[in-house]
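Understanding the architecture of this molecule
Residue strings, one per chain:
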Amino acid sequence: MKKNKKQQNRDVAKRAIRKIAERDGVTSAYVEKQIKIAMMNGLCSSDPAIKAFWDQIPRENEVPTPEELIIYLSEYIKSQGIG
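Residues numbered from 1 in each chain as written. Predicted model: local features only at pLDDT ≥ 70, side-chain atom pairs only at ≥ 80, totals over all residues. Heavy atoms only, no water.

**A word on the overall build of the chain**
Within the chain, the regular secondary structure consists of four helices and zero strands. Structurally, the chain occupies a C-alpha span of about 40 × 30 × 30 Å along its principal axes. Burial statistics for the chain: of 83 residues in total, 25% are counted as buried. When the accessible area of the chain is evaluated, it comes to approximately 6200 Å², of which 56% is carbon and sulfur surface. (Helix = DSSP H or I, 4+ residues; strand = E, 2+ residues; numbered from the N terminus. Buried < 20%, exposed > 50% of the residue type's maximum accessible area, 1.4 Å probe, protein only. Areas by Shrake-Rupley, 256 points an atom, 1.4 Å probe, with all protein chains shown as cover.)

Okay, here's the thing in structure tokens:
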């Protein structure tokens, strides 16, 4: 069965997390936890510019997942011609 674009993007994000974990000699769960901690710091910011950044990230729930953040950032970087 062919995966839809959304699932393909999630798979790419999961692979990125695995590669980071392998590179750093830690588990994928540890990498995800660290990303979540960083995300919570950003999501709890009182700075309007930071709040606006987090508000524009597409997500299925109130808080984006690490995969949703990675997908958003990679698409943003591509759209800006950075990567």
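Having put the structure on the table, let's press on.
**Some thoughts on the nonpolar core**
Counting residues in each nonpolar core, the largest one holds nine residues, listed as Ile17, Ala21, Val31, Ile35, Met39, Trp54, Ile57, Leu69 and Tyr72. If you list the elements that add at least two residues to this core, you get α1 (5-24), α2 (28-43) and α4 (66-79). For this core, the leading source of residues is α2, giving three residues. Those residues in contact with valine 31 that lie beyond four places of it in its chain are Ile17, Ile20, Ala21 and Val26. (Core = buried A, V, L, I, M, F, W, Y, C linked by side-chain atoms within 4.5 Å. Contact = heavy atoms within 4.5 Å.)

**Here's the deal with α4**
An ideal rise of 1.5 Å per residue puts 20 Å on 14 residues; α4 measures up with 20 Å between its terminal C-alpha atoms. As for α4, its buried residues are in contact with α1, α2 and α3 (48-55). The positive-phi residue at the C-terminal boundary of α4 is glycine 81, with phi of around 70°. (Expected span 1.5 Å × (residues − 1).)

**Focus: the pattern of salt bridges**
One pass over the full model with this rule turns up six salt bridges. One salt bridge in this structure joins lysine 6 and glutamate 60, with 2.8 Å as the shortest N-O distance. A residue pair is termed long-range when its members are at least 10 positions apart, and lysine 6 in helix α1 and glutamate 60 in the loop between α3 and α4 qualify at 54 residues. The class of lysine 6 is partly exposed, set by a relative accessible area of 47%. Notably, a salt bridge pairs arginine 10 with glutamate 68, separated by 3.7 Å at the nearest N-O pair. Here arginine 10, found in helix α1, pairs with glutamate 68, found in helix α4; they are 58 residues apart in sequence, far enough to count as distant. Salt bridges linked by common partners bring Lys6, Arg10, Glu60 and Glu68 together as one network. (Salt bridge = Lys/Arg side-chain N within 4 Å of Asp/Glu carboxyl O.)

**A short note on α1**
Taking 1.5 Å of rise per residue, the 20 residues of α1 would be expected to cover 28 Å, and the 29 Å separating its terminal C-alpha atoms lies within 8% of that figure. Burial in α1 covers these residues: Asn9, Arg10, Asp11, Ala13, Ile17 and Ala21. For α1, the secondary structure elements touched by its buried residues are α2 and α4. N-capping of α1 is provided by asparagine 4, with a side-chain oxygen placed 3.1 Å from the backbone N of lysine 6. Looking one or two places after α1, you find glycine 25, whose phi comes out positive at around 70°. (Polar contact = N/O pair within 3.5 Å; in protein donor to acceptor, adjacent residues only side chain to side chain.)

Note that every value here comes from positions in space, so none of it alone points to a role or purpose.
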